[in-house]
Structure formats: structure tokens, C-alpha cells
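Next come the chains, spelled out residue by residue.
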Amino acid sequence: MTTRKLTATVPAEADEVWRLLREQQAFPRYSDDIRSVSPADDGADTDTGPHTWVLGFRGGTATWTQRTRLVGEGGQTPRRIEFLRVSGEFQQLMGAWTVTELPQGCEIDYEVHYRTGVPHLAGAIDSAVGRVLVRAAHRIITAVGGPARITAGEHHLQDLIAA
């Protein structure tokens, strides 16, 4: 399984970042890589899903449905939004957003573990998918928290830095 992690500090308050990260259906407004996030069924809770995700990838798309679990409601710190693929084009996909309050803003940690469905091409495809997932996470972090100072995982954004 491949793992990617991105950690950043932002000037926004943890409560506001937590609220905005729970609104998954807004993510396509923050990142062009995320084509859509929509409820997988009519009765889906807007925060926890299940939601169907469509990610732009190499001229096509990757689609999956995931469930979300909120940990740390009621102001507990850190707060986590855990996600787990329940169907779709990944063999496995799971991870979390973690928001930790700091004296001047908050820290946002994005971690994703995944395995694509093409074992003999996993080295190339997993790496490319990872770049897209982390790039989307970086754009989401900036959108919900303001200017981000990356403290871990910056090497996963090298294609952005070079552009």
C-alpha cells in the first residue's frame, strides 16, 4: 500500500477549518483535480456520506465511493475526519484529515493510504495518483485555512513547485 502525507500550518482557527473540511461537496471548488463529490444515495449525511468522488487523472478520471467518520466533535483536539473507500476504482483507499489547534492558527494533516487496481503498473500509477491526491489536498488546505506553511510532505508537491 502506498502512503502520502502532507502537513501544514495555517492562520485560520481550528474550529473554522474543521467546519470547512467537513463540507466535502465543496472540495471541487477548491481543487480542479477533484471533478465532483456527491452523495452516493439520497439519504446520505452531508458530513459523513457515503459520497462518490471523481478525481481527474491523466486525461481521464478515477471514481470511488467513500464513507467518512468524524472523530473529536465538541471541540476535542485534535479533530479527525477519517475516510474509507467502500467501492470504486481503488483496491484500497483510506486516510484522514487531522486538525490541531495552535496558538496562532492550526495545523492540518492530510494522510492517505491507497492501492490502485493495476498491480503490474502500481509503481508508476500509484506515484502519479499520489501526486494528484496531495496536490488536491494542498489546494484544499489553502482554501480552508489561508496561506499554508508546509511542515511535512513538501517533496510530494515538487510538480507544483517547478511549475
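Residues numbered from 1 in each chain as written. Predicted model: local features only at pLDDT ≥ 70, side-chain atom pairs only at ≥ 80, totals over all residues. Heavy atoms only, no water.

(A) Geometry of the environment of D41. Within the element layout of this structure, D41 appears in the loop between strand 2 (34-39) and strand 3 (51-57). A sequence separation of eleven residues divides D41 from T52, and the C-alpha atoms of the two residues are 9.1 Å apart. (Helix = DSSP H or I, 4+ residues; strand = E, 2+ residues; numbered from the N terminus.)

(B) View of the nonpolar core. By size, the foremost hydrophobic cluster in this structure holds 42 residues, and its most contacted members are V17, L21, I34, W97, I108 and L133. The element best represented in this core is helix 3 (residues 122-145), accounting for eleven residues. The residues contacting L21, other than those within four sequence positions of it, are F27, I81, W97, V99, I108, I140 and V144. (Core = buried A, V, L, I, M, F, W, Y, C linked by side-chain atoms within 4.5 Å. Buried < 20%, exposed > 50% of the residue type's maximum accessible area, 1.4 Å probe, protein only. Contact = heavy atoms within 4.5 Å.)

(C) Fine view of the environment of V37. Assignment of secondary structure puts V37 in strand 2. Sequence separation between V37 and W64 is 27 residues, and the spatial gap between their C-alpha atoms is 9.8 Å. Setting aside its immediate chain neighbours within four residues, V37 contacts Q24, Q25, P28, H51, T52 and W53.

(D) Structural view of a nonpolar patch on the surface. Taken together, the side chains of M1, L84 and M94 make up a nonpolar region of the molecular surface, amounting to roughly 260 Å² of accessible area. Checked against the element boundaries, L84 lands in strand 5 (residues 79-88). You can call L84 partly exposed: its relative accessible area is 44%. (Patch = residues over 30% accessible without salt bridge, like charges linked within 9 Å, V, L, I, M, F, W, Y side chains within 5 Å. Areas by Shrake-Rupley, 256 points an atom, 1.4 Å probe, with all protein chains shown as cover. Salt bridge = Lys/Arg side-chain N within 4 Å of Asp/Glu carboxyl O.)

(E) Fine view of the pairing of strand 7 (residues 105-116). The pairing of strand 1 (residues 2-10) with strand 7 spans nine bridges and is antiparallel. Paired with A8 across the strands is I108, a residue of strand 7. In the sheet, strand 6 (residues 90-102) pairs with strand 7 via twelve bridges, with the strands oriented antiparallel. Paired with F90 across the two strands is T116, which belongs to strand 7. The hairpin turn running from strand 6 into strand 7, its antiparallel successor, is two residues long. (Pairing = 2+ DSSP bridges.)

(F) How the structure looks around the sheet that holds strand 7. A sheet is described by the order of its strands in space; here eight strands give the open sequence 2-3-4-5-6-7-1-8, paired in antiparallel fashion. Of all strands in the sheet, those bounded by a partner on one side alone are strand 2 and strand 8 (149-152). If you compare each strand with its neighbour and ignore which way they point, the axes differ by 25 degrees on average. Pairing analysis gives six bridges linking strand 5 to strand 6, with the strands arranged antiparallel. Counterpart to I81 in the pairing with strand 6 is W97. In this fold helix 1 (residues 14-22) packs onto strand 1, strand 4 (60-71), strand 5, strand 6 and strand 7, with an angle of close to 10 degrees to the strand it touches most, strand 5. (Axes fitted to C-alpha atoms, helices over the stretch in contact; angles between N-to-C directions.)

(G) How the structure looks around the pattern of salt bridges. Across all of its chains, the model carries eight salt bridges by this definition. A salt bridge links R19 to E23; the nearest nitrogen and oxygen atoms lie 2.9 Å apart. In this structure E23 comes out as partly exposed when scored by relative accessible area, which is 31%. The partner of R139 in a salt bridge is D33, with the nearest N and O atoms 3.4 Å apart. Of this pair, R139 sits in helix 3 while D33 sits in the loop between helix 2 (27-30) and strand 2, and the two are 106 residues apart along the sequence. Classification of D33 by relative accessible area gives buried; the value is 11%.

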